[in-house]
Amino acid sequence: MRVAIIGQGYVGLTIAVGAAGAGHTAVGFDVNEDLVTQLNAGKSHIEGISDSDLAGFIATGTYLASSDPSVMDGCNVIVIAVPTPLDADRNPDLSYVHAASDLISQHVKSPALIVNESTSYPGTLRNEIAARITGVEHLYASSPERVDPGNTEWGTKNTPRLIGGLSPEAVAKAVQFYGSFCDNIIEVSSPEVAEAAKIFENTFRQVNIALVNEFAQISDALGISSREVIEAAATKPYGFMAFHPGPGVGGHCIPVDPSYLAHVANEVGVPATFIKRANEVNLAMPAYVVKRVVAGSDGSVKGRKVVVVGVSYKSNVADTRETPAAAVIDLLREQGATVTWHDDLVGTWRGESSSPLAGADIAVVVTKHDDVDVNAIKACGYVFDCTGNIAGVDGI
Ligand SMILES: NC(=O)c1ccc[n+]([C@@H]2O[C@H](COP(=O)([O-])OP(=O)(O)OC[C@H]3O[C@@H](n4cnc5c(N)ncnc54)[C@H](O)[C@@H]3O)[C@@H](O)[C@H]2O)c1
């Protein structure tokens, strides 16, 4: 099949390479021309895809990046993988999905299967995508992406994939396409079920992370280690699932997707109270971290040199979207500390560059990448660890 993937970020590039690997011809369309140039030069910008794999597909003509939307015309399958962020009021921002749909409407004149992989609330495929695309009778399916960047155990091939379509023909074609590079396809009765399943999965994580973050504060006040309690509780072979506390939630999914569910809940008149409370708890974690750091540093960080270790939102990835490190740094600066950060994977961020670990009085570990030396962290005077990876220091 000839496949166009709109958006060549974490999700779109992963699908493009999966499709190319299965023998399809993949065209990665992106509005970011610099990214397109970089990809066509065989340089991947995401962790799970190597430069050599990308260069191999380019050399055999099975992958090409383009910023010309006319490349989509004549494709059998068009996958939408564009951002679905929140706007300034923390409401769903579907402008990228609308823009992608409008491009399809303008440029794709032969019938295709249109699949949406962007995460959004139930009804998006039907009302926000299919309803906007006029002039051609396309097939429509929803197959929300479940990629977990940096996860080496679960990838596109072995993570079960949900598919729901607007017609049986759309489902059949989507199953045929995804079945060529995914091991386990699960058909659901409608695109709304697939869309809702994706945001419910991430809401489940958001709420449980908030619960464990609140529990960590309770157990610290009680003088018990929350991590030891969680380990103990996890010995129960049924009915318990371990989540671990941290400095908040980051990335494009967990802090964002539940608000999509809250938005539709509000529209149908059902209060999404868990989501609201979980957001509050998670967003308050950086302040809790800073309060603990101040308490652990003899009551003040004023004039102290603090290094924040790891500013991406999770270990071994360079993604800083919604990272709680931003609030931790800002709040430490408000307390009068001189704050630098160390994260060679990220390199530059918010107009600042990664600094060496050496020379700081205090280290606050927000994210622990595998290649960061624990002894170098411990060489800083006082260490506060938000990750549970460093034995014998303060932390949550
Ligand atoms: N990153 C993840 O781990 C992950 C996991 C599951 C689902 N998702 C969802 O997948 C979707 C995409 O996320 P992502 O992480 O790949 O985003 P991303 O920001 O990494 O990539 C999106 C790409 O889309 C491009 N783009 C924006 N508007 C465009 C347009 N009109 N036409 C063509 N290209 C356009 C951008 O330039 C960018 O390169 C989101 O809905 C997200 O919630 C992401």
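Just above sits the structure.
The text that follows walks through the structure, step by step, so that each part is easy to find. Since the model is a prediction, treat every value here as computed from it, not as a measurement. Every chain is numbered on its own, with residues counted from 1 as its sequence reads. In keeping with the model being predicted, local features are shown solely for residues with a pLDDT of at least 70 and side-chain atom pairs are shown and tallied solely at 80 or more, while totals for entire chains, interfaces and linings include all residues. By convention in this description, side-chain values take in all heavy atoms of the structure and omit both hydrogens and water.

Comments concerning the site of the ligand
Note on terminology: near, applied to a residue and a molecule or strand, indicates that one of the residue's heavy atoms is within 4 Å of it. With respect to spatial proximity, 26 residues lie near the ligand, and among them Gly9, Val11, Asp30, Thr84 and Thr119 are the closest. In the analysis that follows, any N or O atom pair within 3.5 Å is treated as a polar contact, provided that within protein one partner can donate a hydrogen and the other can accept it, and provided that, for residues neighboring in sequence, both atoms belong to side chains. One nitrogen or oxygen atom from the main chain of Val11 is found 2.8 Å from an oxygen atom belonging to the ligand. With respect to the ligand, the side chain of Arg321 contributes an N or O atom lying 3.2 Å from an oxygen atom. The fraction of the free accessible surface of the ligand (830 Å²) that becomes covered by protein chains is 90%. Elements that contribute at least two residues to the shell around the ligand include exactly α1 (10-21) and α4 (95-107). Areas reported as accessible are Shrake-Rupley estimates using a 1.4 Å probe. Residue values count occlusion only from the protein chains shown. Where helices and strands are cited, they refer to DSSP runs of H or I of at least four residues and of E of at least two residues respectively, numbered from the N terminus.

Describing the pairing of strand β9 (residues 305-309)
Burial classes: relative accessible area under 20% of the type maximum marks a residue as buried, over 50% as exposed, and values in between as partly exposed (1.4 Å probe, protein chains only). For β9, a buried count of four out of five residues is recorded, marking the element as mostly surrounded by other parts of the structure. At least two bridges found by DSSP between two strands is the condition for calling them paired. Of the pairings in the sheet, the one linking β9 to strand β10 (residues 338-342) comprises five bridges and is parallel in character. Looking across to β10, one finds that Val308 is bridged to Trp341. Handedness of a crossover is defined as follows: orient the strands so they point away from the viewer, and if the path from the first strand over the helix to the second runs clockwise, the crossover is right-handed. Crossover handedness for the path β9 to helix α12 (residues 325-334) to β10: right-handed. Bridge count between β9 and strand β13 (residues 362-365): four bridges; the pairing is parallel. Looking at the pairing, Val307 lines up with Ala363 of β13.

Looking at the packing of aromatic side chains
Centre distance within 6.5 Å is the pairing criterion for rings of Phe, Tyr and Trp, where only the six-membered ring of Trp is used; planes under 30 degrees apart are then read as stacked, over 60 as edge-to-face, and the remainder as tilted. Inspection of every chain in the model, using the stated rule, returns six aromatic pairs. Consider the rings of Tyr121 and Tyr260, whose centres lie 6.0 Å apart with planes at 35 degrees: the pair is tilted. One end of the pair, Tyr121, is in the loop between β5 (113-116) and α5 (124-129); the other, Tyr260, is in helix α9 (residues 257-267), and 139 residues separate them in sequence. On the accessibility criterion, Tyr121 (11% relative accessible area) is buried. On the numbers, 5.2 Å between centres and 70 degrees between planes, the contact of Phe177 with Phe181 is edge-to-face. In terms of burial, Phe177 and Phe181 fall into one category: buried. Grouped by ring-pair contacts, the aromatic residues Phe177, Tyr178 and Phe181 constitute a single cluster. The rule is short: NZ of Lys or CZ of Arg within 6 Å of the ring centre and within 35 degrees of the ring normal puts a charge over the ring. Directly above the ring of Trp349 sits Arg350, whose terminal nitrogen or CZ lies 4.6 Å from the centroid.

Concerning the sheet that holds strand β4 (residues 77-80)
Strand order across the open sheet formed by eight strands is β3-β2-β1-β4-β5-β6-β7-β8, with mixed pairing between neighbours. Strand pairing shows two members of the sheet lacking a second neighbour, β3 (63-66) and β8 (185-187), which therefore form its edges. Here the average twist between neighbouring strands, direction ignored, is 25 degrees. With four bridges connecting them, strand β2 (residues 25-29) and β3 associate as parallel partners. Within the sheet, the bridge partner assigned to Val27 lies in β3 and is Leu64. Residue contacts are defined here by distance: any two heavy atoms, one from each residue, within 4.5 Å place the two residues in contact. Axis angles are defined between N-to-C directions and span 0 to 180 degrees, where every axis is a line fitted to C-alpha atoms and, for a helix, only to the segment in contact. Of the strands in this sheet, β6 (139-142) and β7 (161-165) are in contact with helix α7 (residues 191-222), which crosses β7 at around 145 degrees.

Quick notes on the pairing of strand β1 (residues 2-6)
A regular strand places its side chains on the two faces of the sheet in alternate fashion. With four of its five residues buried, β1 lies for the most part within the structure. Taken together, the five bridges between β1 and β2 define a ladder with parallel strand orientation. Bridging from a neighbouring strand, Val3 pairs with Ala26 of β2. Crossover β1 to β2 through α1 is right-handed. Where β1 meets β4, four bridges bridge the pair, whose relative direction is parallel.

Digging into empty space enclosed by the protein
Empty pockets left among the atoms are what a rolling probe the size of a water molecule brings to light. Both cavities and pockets are sets of points on a 1 Å grid over the protein atoms alone; in a cavity a 1.4 Å probe fits but cannot get out, in a pocket the set is open with protein on both sides within 12 Å along at least five of seven lines, and lining residues sit with an atom within 4 Å of a point. Grid points are joined across faces, edges and corners, and a volume is the space filled by probe spheres set on the points. Summed over all chains, the structure comprises two cavities of 30 Å³ or more. Of the voids in this model, the largest cavity is the one considered here, and its volume is about 50 Å³. Pro144, Glu145, Arg146, Thr156, Thr159, Pro160, Arg161 and Cys182 are the residues that line the largest cavity. In this classification, the charged set is Asp, Glu, Lys and Arg, the nonpolar set is Ala, Val, Leu, Ile, Met, Phe, Trp, Tyr, Cys and Pro, and all remaining amino acids, among them Gly, are polar. In terms of residue class, the lining of the largest cavity is made up of three nonpolar, two polar and three charged. Space inside the second largest cavity adds up to approximately 40 Å³. Residue classes in the lining of the second largest cavity are distributed as one nonpolar, five polar and two charged.

That's the geometry; what it means functionally is another story.
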